[in-house]
Amino acid sequence: MTTSRGHRRTRSGSRPASPGGPPPSGYGRPGPAGPYAHPALPPVPGQRAAPRVPPRAGDMRRYLAVALDCYLCLVTAGLLARPYVDTATVPEAAGLLIGPALAFSFLNQVVLTAVVGGGAGKLIMGIRVIGLPDAGRPGPRQLVRRWLYGLCRVPLQPWYVLRSYLAGPGALPLSTFWTSGHTDPVGLRQVRHSDLAAHRNAAAGHL
């Protein structure tokens with residue numbers, strides 16, 4: 001059936017989409033750009049897609065790295081304070097232990113990570129710290145913020161574990177003990193060294 005303007009209608013009486021109307025079904029998917037967002041453009045022939053950022057290291061690997069860092073920190077502080085503990089009072093002994101522990105923690109988590117990409121425990125467990133979203137080396141300001149974040153989070157882990165048991169099984173997943181809703185604190189991610197090496201090789205080939 002043809003109207004006076006020459007447009008052909010279907011049997012149901014609907015008219016095909018005009019250039020100014022909405023696109024036909026299947027043209028795009030609803031998304032943040034609008035109800036008819038354009039589909040992703042196909043890759044240019046002969047050009048490789050940019051490599052994706054390496055995923056986070058496994059929970060157990062990261063937990064062991066944190067445990068090793070804490071152990072090394074306490075052992076170092078204990079060895080430094082041992083000659084003075086016998087003659088010091090209780091407040092002085094606590095200060096002798098806390099001071100070197102904080103100093104070693106800063107050197108390990110900030111200085112050593114800025115130089116080689118990870119603290120002692122992370123290096124032992126094959127973990128490197130990267131910045132998002134480009135998987136580059138983290139800056140000193142980010143590392144200091146992450147160190148302060150860790151000082152506030154790690155001592156509270158027993159409380160989160162206890163709260164999970166009091167709330168019932170499944171109330172708090174295990175991942176929340178460390179992240180607490182923050183997947184990558186201060187924009188830094190812990191990844192496996194092998195994944196980071198593969199990412200850098202792929203990025204070099206892409207460029």
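Here, every reference points to the structure presented above.
Sequence positions are assigned chain by chain, starting from 1 and proceeding in written order. Selection of residues for local features in this predicted model requires a pLDDT of at least 70, selection of side-chain atom pairs for listing and counting requires 80 or more, and totals for whole chains, interfaces and linings are taken over all residues. Side-chain measures were taken over the full set of non-hydrogen atoms in the model, leaving aside hydrogen atoms and water.

As a further point, take the overall build of the protein. Each helix is a run of H or I in the DSSP string that is no shorter than four residues. Each strand is a run of E no shorter than two, and both are numbered from the N terminus. A count of helical and extended segments in the protein gives 6 helices and 2 strands. In sequence order, the protein lays out its α and β elements as α-α-α-β-α-α-β-α. The burial tally for the protein puts 26% of its 207 residues in the buried class. Working rule for contacts: check all heavy atoms of both residues, and any pair within 4.5 Å makes them a contact. The contacts in the protein between residues at least 6 apart in sequence include a share of 70% that link residues at least 24 apart. Method for areas: the Shrake-Rupley scheme with a 1.4 Å probe, in which residue coverage is limited to the protein chains shown. A total of about 14300 Å² of accessible surface is found on the protein, and carbon and sulfur atoms cover 64% of it. Relative accessible area decides the class of each residue, using a 1.4 Å probe on protein chains only: under 20% of the type maximum gives buried, over 50% gives exposed, and in between gives partly exposed.

Any residue with relative accessible area above 30% and no salt bridge may belong to a patch, with like charges joined within 9 Å and the nonpolar Val, Leu, Ile, Met, Phe, Trp and Tyr side chains within 5 Å. Think of a salt bridge as a Lys or Arg side-chain nitrogen and an Asp or Glu carboxyl oxygen that are within 4 Å of each other. Together, Phe-106, Leu-107, Val-111, Val-115, Val-116 and Leu-123 give the surface a local cluster of nonpolar side chains, amounting to about 460 Å² of exposed area. Sort the elements by how many residues they give to the nonpolar patch and helix α2 (residues 90-116) lands first, with 5 residues. Along the chain, the position of Val-116 falls in helix α2.

So, on to the packing of α2 against helix α4 (residues 140-153). It is at 10 Å that the axes of α2 and α4 come closest, and there the two elements cross at 140°. Compared by their axis directions, α2 and α4 come out oblique. At the point where α2 passes α4, the crossing takes the right-handed sense. Contacts between α2 and α4 pair Leu-102, Ser-105, Phe-106, Gln-109, Val-110, Thr-113 and Ala-114 from the former with Leu-143, Val-144, Arg-146, Trp-147 and Leu-151 from the latter. By the convention adopted, Pro, Cys, Tyr, Trp, Phe, Met, Ile, Leu, Val and Ala count as nonpolar, Lys, Arg, Asp and Glu as charged, and the other residues, Gly among them, as polar. Here the residues of the contact of α2 with α4 sort into 8 nonpolar, 3 polar and 1 charged. Helix axes are fitted only over the stretch in contact, all axes being lines through C-alpha atoms; the angle between N-to-C directions runs from 0 to 180 degrees. Should an angle fall under 35 degrees it is called roughly parallel, over 145 degrees roughly antiparallel, and 65 to 115 degrees roughly perpendicular, with every other angle called oblique. Less than a right angle of anticlockwise turn of the near helix away from the far helix marks a crossing as left-handed, whereas a clockwise turn marks it as right-handed.

Its place among the elements puts Arg-52 in the segment before α1 (59-85). Judged by relative accessible area, which is 76%, Arg-52 ranks as exposed. Measuring from C-alpha to C-alpha, the distance between Arg-52 and Asp-134 comes to 9.2 Å, with 82 residues separating the pair along the chain.

The next thing to look at is the environment of Ala-103. Within the secondary structure, Ala-103 is located in helix α2. Put simply, Ala-103 and Ala-77 are 26 residues apart on the chain and 8.9 Å apart in space, counted from C-alpha to C-alpha.

Successive side chains on a regular strand alternate, one facing one side of the sheet and the next facing the other. Burial runs high along strand β1 (residues 127-131): 5 of the 5 residues are buried. Every second residue of β1 is oriented toward a common face, with Ile-127, Val-129 and Gly-131 on one face and Arg-128 and Ile-130 on the other, all of them buried.

A word on the pattern of salt bridges. In total, this model carries 4 salt bridges according to the counting rule given. Ionic pairing is found between Arg-189 and Asp-184, a salt bridge with its closest N-O pair at 2.9 Å. Under the relative-accessibility criterion, Arg-189 is labelled buried at 15%.

Only rings of Phe, Tyr and Trp enter the pairing, Trp through its six-membered ring, and a pair is recorded when the two centres are within 6.5 Å. The plane angle decides the type: under 30 degrees is stacked, over 60 is edge-to-face, the rest tilted. One pass over the full model with this rule turns up 1 aromatic pair. Relative to Trp-147, the ring of Phe-106 has its centre 5.2 Å away and its plane inclined at 80°; by these criteria the two rings are edge-to-face. You can see Phe-106 sitting in helix α2 and its partner Trp-147 sitting in helix α4, a full 41 residues away along the chain. Judged by its relative accessible area of 15%, Trp-147 is buried.

Attention shifts here to unusual backbone geometry. Omega for the bond connecting Leu-132 with Pro-133 falls within 30 degrees of zero, at 10°, which places this linkage in the cis form. Counting through the fold element by element, Pro-133 comes out in the loop between β1 and α4. Despite not being glycine, Ala-135 has its phi angle at roughly 60°, a positive value. Residue Ala-135 is classed as buried on the basis of its relative accessible area, which comes to 6%.

Take the layout of surface pockets next. The rule is simple: put a 1 Å grid over the protein atoms alone, call a set of points where a 1.4 Å probe fits but cannot get out a cavity, call an open set with protein on both sides within 12 Å along at least five of seven lines a pocket, and count a residue as lining if it has an atom within 4 Å of a point. Grid points are joined across faces, edges and corners, and a volume is the space filled by probe spheres set on the points. The volume enclosed by the largest pocket comes to roughly 670 Å³. Along its surface, the largest pocket is lined by 31 residues, and Cys-70, Ser-105, Gly-150, Leu-151 and Val-154 are the ones closest to its centre. Among the residues making up the lining of the largest pocket, the classes are represented as 17 nonpolar, 7 polar and 7 charged.

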